[in-house]
Structures are given as C-alpha cells and as structure tokens.
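The lines below spell out each chain.
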Amino acid sequence: MQRWRGLEDIPQDWGRSVVTIGSYDGVHRGHQLIIRHAVERARELGVPSVVVTFDPHPSEVVRPGSHPPLLAPHHRRCELMAELGVDAVLILPFTAEFSKLSAADFVVKVLVDKLHAKAVVEGPNFRFGHRAAGDVAFLAEQGETYDFEVEVVDLYVSGEAGGGEPFSSTLTRRLVAEGDVAGAAEILGRPHRVEGIVVRGAQRGRELGFPTANVETLPHTAIPADGVYAGWLHAQGEAMPAAISVGTNPQFDGTERTVEAYAIDREGLDLYGLHVAVDFLAYVRGQARFETLDALLEQMAKDVQRCRELVAAAEDAESA
C-alpha cells in the first residue's frame, strides 16, 4: 500500500481512482463498511482505492485545545486499511490555511486534479470544506460536473456496546474512558490498542516481583480509565499475555498517570527504548490503595492469575 503525505506526494502519472475521505480514527466496524465498499468498487472499476485522511485532527485546528483522544495513530490506521485492501492512503496536513478551503475547491484540488476520482464513497453524514459546508448532496452535484459517481454507505452498525447506540468513534472513546474495553472492542472489531516507547519508571514492579514495561504513550492517545486490565503486550513481533495497570500508583503516592504492562510468566525481558503496543482485553478491577504492602502483593498475584485466565479463554475462543 502506498502512503502519501500531502498532495505533492501523489505520483504525477496517477490515474483514475475510487476515493473515500474521513478522519477514520480507530477504523471501527462502521468505517470498515465504507472502506471495504470503496475497495470493492475500485476492483469492479479496475482502478486503485484511496483513503484521504487528515493530520492533525481537524478539530484541533478549527477549535484549538479540542483535539479528541485518538483511538489509533496514523501508522496503525494505515496498517488496518492495508488489511482491508486499500491501495493508497493520502494524509493531508490540516492547517489553518487548509481549513479555509471551500468544499468546491476541495473537490477540484484534491478529488479532480490530483486523485482523478472515478467514484467517491462516503457515509450519510459526511461533511467537508470550510465550515463543513459540503455534504453528500453537494458532492453528488460536483460529481455530475466532474464525472465521478458518489455512493453513500450507511456506517451505523449497532450492537450491545453503549446500550445499543450506533457504533462511532465518539462512543468508542467514551467506553475506553469509562474502562469498558470489551465494549470498545465490539465496536472496533479488535481490542483497543495503546502504543509508545518503554521508558524507565520507578522500577517498583521489578522490586515487587512483577517487572512491568512502563509505556510512554503517544500524544492524544485514548487511555482507558484507571484500573487493572487483562490483555497483551506486543513487542519484538510477539504478543505476550499481560496484566496491565493504568493509573497514578496511589500505593506509593504517585501523581503521574502511567500505563504499565507485566508480561505474564516471562522473565528477563529487556524492552527499554523499544516501541511496543498494549492491547486491552478486559477490565479486572479499579485502582486501589491497600493497607499493607503484603495486601498489595496478594492482590497483584490474584490479578495476574485472573488476567492469565481471561487471556487464555480469549485465545481458546479465537482458535476454536
């Protein structure tokens, strides 16, 4: 899959293509419907499929300080889109100047002049251009002028997550913030993931017999509510069952919020300086302060056993 950053990265000889545009944060199951449709339509027409997205999130430029917590960084979104069969991803730097581009100019500069769109696939509530003035009806009008089709795909899947609310990035962020990582996984179609570099912390976990990877998360990451979770630590191409702690470590009067993952039954791991990923499978318990260190150690042993069981059950179910 090709990855372009900015219009100038698009090959000069790029031909017709099927395009879909959006933030696509998380590439959740609703997003997957649109992207898959674009990929299938591109194959029918014998042209490549292109996803157009933005960096930073447009809200940060339009309303500074309002950047939403991100469900997936761009490199992860690209991986997920590649798995769906996308041929190219165009990441447009979203600047103050770009935000002033009218919907009509966006169509010409991006869809017509650069991507030579043969078809554009969007959700029903898609908006674009300065002050979000463009919608799918306007896009369809422009398609008649510039010779591209517009196809609208209903992305509003729903299920048990969020009490039956339609799946969306907003709902997913809310569930993650509440610690409902199982609900978030239902929407995403996979566990919620947090990534970052392993840095040196207070190293109390090592002293207590549970050495953890202290993950310095990427900016604007959507981090689950404080507590203990079962999941996986991905490092050096391996997915290791893990007990994950999110919070400030109140037992030791901590103030900085951290994400730490203990790779269950693994010894001698040295992950300092490595980029790792943490997948959240299930919430185990909330953050707590214990009367004694022995009480904490007893609870940690129970947490690890519970995480071991939850991950094993999930892996058994997946392989069944």
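Look up: the structure comes first, before these words.
Cut-offs and rules
Residues numbered from 1 in each chain as written. Predicted model: local features only at pLDDT ≥ 70, side-chain atom pairs only at ≥ 80, totals over all residues. Heavy atoms only, no water. Buried < 20%, exposed > 50% of the residue type's maximum accessible area, 1.4 Å probe, protein only. Helix = DSSP H or I, 4+ residues; strand = E, 2+ residues; numbered from the N terminus. Contact = heavy atoms within 4.5 Å. Core = buried A, V, L, I, M, F, W, Y, C linked by side-chain atoms within 4.5 Å. Phe/Tyr/Trp six-rings, centres within 6.5 Å; stacked < 30°, edge-to-face > 60°. Lys NZ or Arg CZ within 6 Å of the ring centre and 35° of its normal.

Some points on helix H3 (residues 74–83)
By the burial criterion, the buried members of H3 are His-74, Arg-76, Arg-77, Cys-78, Leu-80 and Met-81. Elements in contact with the buried residues of H3: strand S1 (2–5), helix H1 (29–45), strand S3 (49–55), strand S4 (88–93) and strand S7 (192–199). Directly beyond the C-terminal end of H3, a positive phi value near 95 degrees is found at Gly-85.

Points about the nonpolar core
In terms of nonpolar packing, the biggest core is built from 28 residues, with Val-50, Leu-90, Phe-106, Leu-111 and Leu-115 touching the most fellow members. Of all the secondary structure elements, the ones that give two or more residues to this core are strand S2 (17–21), S3, S4, helix H5 (103–112), strand S5 (117–122) and helix H6 (136–146). Core analysis: the next-biggest nonpolar cluster, separate from the first, contains 21 residues, Val-27, Val-51, Val-86 and Val-153 among them.

A short note on unusual backbone geometry
Here the amide bond leading from Asp-55 into Pro-56 is cis, since omega sits at 0 degrees, within 30 degrees of zero. If you trace the backbone, Pro-56 turns up in the loop between S3 and helix H2 (58–62). In the Ramachandran plot, His-116 falls in the positive-phi region, its phi being about 50 degrees despite a non-glycine side chain. The backbone of Asp-147 shows a phi angle near 65 degrees, a positive value even though the residue is not glycine. With respect to the element layout, Asp-147 can be found in the loop between H6 and strand S6 (149–152). Its relative accessible area of 54% is what places Asp-147 among the exposed residues.

Focus: the packing of aromatic side chains
Using the criterion set out here, one finds 11 aromatic pairs in the structure. Relative to Phe-98, the ring of Phe-94 has its centre 5.5 Å away and its plane inclined at 65 degrees; by these criteria the two rings are edge-to-face. Ring centres of Tyr-229 and Phe-280 lie 5.2 Å apart, and the angle between their planes is 90 degrees; on these two criteria the pair is classed as edge-to-face. Here the residue Tyr-229 occupies a position in strand S9 (residues 227–235), and Phe-280 occupies one in strand S12 (residues 275–285), the gap between them amounting to 51 residues. Accessibility assignment for this pair places Tyr-229 and Phe-280 in one class, buried. Members of the aromatic cluster, each reached through a chain of ring pairs, are Phe-54, Phe-94, Phe-98, Phe-106, Phe-126, Phe-128 and Phe-138. Sitting over the face of the ring of Tyr-272, Arg-200 holds its NZ or CZ atom 3.8 Å from the ring centroid.

Honestly, it's all geometry; don't read function into it.
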